[in-house]
Amino acid sequence: MIDRNDDATTALIARIDDAFARGASSFEAHRAIAPLVGAHLSDGLAEVVFWTPELLEQRIPAGDVYLECLEPPEDLDLSHASQRLDFAVTRVPMERTDAFSAVAVSGMTAGHRDRIGTFYRLAWQDGEGDWHHILDPMAWSLPFGAFAPAEFYDAERLLNDRADRDYWQQFAGDAPHKFGPPVNIQQIHVPTATWGGTLAALTQTYERLAERVRAGADLEPQERLFAGYDAVQLLPVEPTTVYEAGPSFWQEEAGERRITVDLKRPDTTNWGYDVVIAGMGTVNPVLLESGRPEELVDFAAALHNFPRPKKLILDVVFGHSDNQGTDVLNSYWFAGPNMYGQNMNYRHPAVRALMLEMQRRKVNFGADGVRVDGAQDFKWWDAEAETLRHDDEYLQSMSDIVQEVAGTRYRPWFVFEDGRPWPQEDWELSSTYRAVIENQHDSDVFQWGPLTFAHNTPFLYGFWLSKWWRIREILNHGSNWISGCANHDTLRRGTQVDTKLNVNTRLGGTRMEILDKAYDNPAIQMVTYAAFPGVPMDFLNASARASWGFIRNQDDKYGVKVVAEEAISLKWQVDEYSYSLPQSFPRLKALGFETREQLARFMEFLPALVEVTDYDLNVIAKLLNEVDPTLDGPHPVTVDGLKEIARAWMDDMHDYCNVGRHHSVLSGAQTKFNHQLREFRRARPWLRDNLGDRDRFDYRRPVEGTVLFTSLRYGPDGEQVYMIAHMEGGHTGDFDPLRLPIEGLEGFGWEVALRTPPIGGDFIGGPIDLHDSMGIVYVRKPG
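In this report, we go over the structure that sits alongside the text.

Reading the values: rules and limits
Residues numbered from 1 in each chain as written. Predicted model: local features only at pLDDT ≥ 70, side-chain atom pairs only at ≥ 80, totals over all residues. Heavy atoms only, no water. Pairing = 2+ DSSP bridges. Helix = DSSP H or I, 4+ residues; strand = E, 2+ residues; numbered from the N terminus. 1 Å grid on protein atoms, 1.4 Å probe; cavity = no way out; pocket = protein on both sides within 12 Å on 5 of 7 lines; lining within 4 Å. Points joined across faces, edges and corners; volume = space filled by probe spheres on them. Nonpolar A, V, L, I, M, F, W, Y, C, P; charged D, E, K, R; others polar. Axes fitted to C-alpha atoms, helices over the stretch in contact; angles between N-to-C directions. Contact = heavy atoms within 4.5 Å. Expected span 1.5 Å × (residues − 1). Buried < 20%, exposed > 50% of the residue type's maximum accessible area, 1.4 Å probe, protein only. Parallel < 35°, antiparallel > 145°, perpendicular 65-115°, else oblique. Left-handed = near helix turned anticlockwise from the far one by under 90°. Core = buried A, V, L, I, M, F, W, Y, C linked by side-chain atoms within 4.5 Å.

Points about the sheet that holds strand β22 (residues 403-405)
And then number 1: The 3 strands lie next to each other as β11-β23-β22, forming an open sheet whose pairing is mixed. In the strand order of this sheet, the two ends are held by β11 (177-178) and β22, each with one partner.

So, the environment of P61
And then number 1: On the secondary structure map, P61 appears in the loop between α3 (53-57) and β4 (65-71).
And then number 2: Residues P61 and D126, spaced 65 residues apart in sequence, show a C-alpha to C-alpha distance of 9.1 Å.

Topic: the layout of surface pockets
And then number 1: Here the largest pocket is characterised by a volume of approximately 1000 Å³.
And then number 2: If you trace the largest pocket, you find 34 residues lining it, with W271, D274, M339, Y340 and F550 closest to the centre.
And then number 3: Among the elements of the structure, α16 (488-494) and α20 (559-566) are those that each provide at least two residues to the lining of the largest pocket.
And then number 4: The residue inventory of the lining of the largest pocket, partitioned by class, reads 10 nonpolar, 9 polar and 15 charged.

Some words on the sheet that holds strand β30 (residues 720-729)
And then number 1: Taken together, 5 strands build an open sheet; the order of strands is β28-β29-β30-β34-β32 and the sheet is antiparallel. With one partner strand each, in any of the chains shown, β28 (696-699) and β32 (751-755) form the two edges of the open sheet. The average undirected angle you get between the axes of adjacent strands in this sheet is 15 degrees.
And then number 2: Taken together, the 4 bridges between β32 and strand β34 (residues 775-780) define a ladder with antiparallel strand orientation. What sits directly across from L754, in β34, is V777.
And then number 3: Along the sheet face, helix α15 (residues 468-477) touches β28 and β29 (706-714) and points at about 170 degrees away from the line of β28.
And then number 4: Contacts from helix α18 (residues 522-530) reach β28, β29, β30, β32 and β34 within the one sheet, and its direction differs from that of β30 by about 150 degrees.

Remarks on helix α26 (residues 639-656)
And then number 1: Between its first and last C-alpha, α26 extends 26 Å over 18 residues, near the 26 Å set by a 1.5 Å rise per residue.
And then number 2: Along α26, 13 of the 18 residues are buried, which leaves the element largely enclosed by surrounding structure.

Regarding the packing of α20 against α26
And then number 1: Running from N to C, α20 and α26 cross one another at 55 degrees; their axes reach a closest spacing of 9 Å. When the axes of α20 and α26 are compared, the pair comes out oblique. Here α20 runs over α26; the crossing is left-handed. For the pair formed by α20 and α26, the contact residues are G559, V560, V562, V563 and E566 on the first element and L642, K643, A646, W649 and M650 on the second.
And then number 2: Looking at the contact of α20 with α26 residue by residue, the classes come out as 7 nonpolar, 1 polar and 2 charged.

Points about the nonpolar core
And then number 1: Counting residues in each nonpolar core, the largest one holds 188 residues, and the members touching the most others are L234 and W333.
And then number 2: Top contributing element to this core by residue count: α26, with 9 residues.
And then number 3: Setting aside anything within four residues of it in sequence, one finds W333 in contact with W51, P137, I277, N343, M344, N345, V351, L354, M355 and M358.
And then number 4: Counting residues in each nonpolar core, the second largest holds 40 residues, with V527, L677, W686 and V721 among its members.

Below, the structure is given as structure tokens:
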């Protein structure tokens with residue numbers, strides 16, 4: 001029986017009051033209260049706290065505020081696509097102090113790996129007798145997303161029932177352990193990384209790979225994609241937006257003692273960055289095969305228990321909220337609209353404290369590092385100076401948080417994506433990519449470097465020499481930068497480039513081949529791993545030469561516009577053969593676009609009409625119907641039909657981007673070479689440092705139609721690493737790379753360590769004709 005515990009409720013309220021009395025500032029008081037907010041299991045009771053300033057603003061009497069407990073039936077199964085079930089309703093009166101509503105309750109079932117808990121939300125009654133609800137943004141489990149009641153969960157059991165306790169306990173000590181940077185990083189989008197598309201499926205991939213590595217097996221190309229990395233960075237795994245026009249994952253018929261709910265298993269597709277802030281402390285249910293947040297703990301354990309342990313880096317998005325966030329959070333969380341949706345109200349002490357608490361809870365799932373998305377967006381309005389200021393104090397607070405996993409206190413490694421003064425028009429020229437590094441206390445804080453941050457296009461002629469000034473910055477300042485050209489942003493931007501620009505056709509015979517080789521390029525990889533300082537990062541979809549794009553199927557109002565903007569990627573990522581495969585684009589084919597040519601013709605008209613009509617869907621539909629000869633696809637074209645096409649595009653592209661589709665066509669030589677590069681870098685951690693006085697990096701002059709990068713670096717033990725890479729242009733003709741006039745290259749003792757495909761293993765030195773992204777790494781031992 002669910003019932004209020006008066007003594008425990010009084011004690012809970014007293015703890016909140018005590019925090020206000022003792023806090024040195026309003027922020028410090030809220031910082032002390034934040035760990036209490038949400039629902040927590042304590043001595044068999046559920047202690048539940050909501051931050052509810054909107055109730056004060058609306059003058060809702062404290063006596064009209066309740067904790068609404070929703071007891072699920074025994075046959076609730078989180079693996080079912082849809083269910084219609086009855087939930088028993090119990091309302092327990094809450095107490096209020098300041099802007100917090102709280103209660104301690106007995107009888108609520110705490111969920112865990114093998115049991116579904118009681119669902120809950122705050123309920124309040126207005127003067128007309130109607131009920132209203134407030135959801136818990138600090139929940140530990142959201143089986144039906146951030147827009148549905150939360151599940152009461154045993155958080156202590158969630159975080160402590162883990163298979164990597166030995167890994168964590170090796171770092172235990174009197175002071176918190178501080179994690180430093182990894183050797184390299186693999187960036188992964190969970191839904192497209194495996195056929196299963198869940199954290200459980202990804203965990204199984206790593207566990208099987210670990211078994212193969214322990215057995216000393218010769219890895220296959222699809223296994224090498226995941227091998228040799230020191231860390232794995234997941235694209236955001238927080239709850240994202242839901243279907244703007246429905247259906248809802250939780251749709252109920254109201255009742256006093258019992259409600260009937262139509263439940264739908266969350267199935268949205270999203271690249272991860274369209275968060276609503278609510279639920280940031282837990283896991284997106286779309287990614288959970290079992291519906292249990294333990295899957296993230298299990299994934300961390302699979303990495304930490306790997307034969308050579310891998311670190312887990314979580315990508316967190318606190319710089320903005322999608323506009324849907326205003327439907328689940330009160331207005332005090334927000335500071336006004338921005339290009340992504342809503343700015344967050346960082347200066348509000350409660351919002352600031354709760355967002356930091358969300359981060360603390362999430363990292364406690366078992367992350368060794370944190371990547372902060374869009375750090376340049378953390379701003380506040382200085383009314384006195386009438387200017388926007390970057391909230392570097394907040395960024396410092398993020399990296400100062402002390403985590404605790406399996407009894408070990410630690411501070412994770414931090415990397416910030418910060419391109420300030422972006423989006424100022426001259427940001428590409430003005431950004432130093434060092435603003436956070438220079439403002440933080442820790443010497444090992446990182447930022448994304450200039451070739452990693454968004455707009456790089458290595459498939460256009462002249463790219464590498466046009467970026468020479470940035471490359472010089474990498475050589476001199478890059479030790480605390482993430483390096484590499486392929487990530488979720490750059491690959492997507494590449495698919496949006498006008499095909500009429502001066503494309504480097506030497507990279508391949510088709511646009512698909514060109515794009516694939518541009519972002520999985522052996523020469524670029526060689527420069528990144530054997531020459532550049534910093535920490536290299538690779539994006540799985542690029543390494544697998546899989547497709548990628550802006551994946552989001554929740555939009556109704558602007559869905560057609562988004563697809564119009566993405567339509568150009570059809571030219572880069574889909575050819576007639578790929579489209580013709582039975583598993584490709586089934587939804588679009590069912591709508592009448594049976595061939596790529598038919599879809600491409602429709603997509604030529606759509607972006608132009610979106611622009612000239614100022615996105616008037618009725619006019620767009622009318623004009624599409626007047627095209628002669630008639631367009632393929634649904635006819636006549638209607639507004640609803642346009643939205644159906646947009647949804648089909650997003651769902652089909654999401655499936656098309658799955659890495660599993662590309663396993664059979666992976667190059668054994670290329671995946672093996674990339675793996676060897678990663679191992680080469682691991683064996684020489686000193687390559688992370690900036691270039692020293694004796695080190696050399698340059699391009700061959702005169703260029704004469706070929707851009708050749710050369711690098712000579714000295715290790716602390718006297719080892720020399722010499723690299724030459726063909727970045728673009730024509731054949732060099734036969735020449736000996738060891739005979740170039742580079743100071744320090746003279747003499748004998750050089751041995752070939754790495755060769756890009758297609759250079760064979762029989763090449764051990766001497767003249768060679770370099771072309772089309774070829775390169776060589778030589779090493780010379782001291783003495």
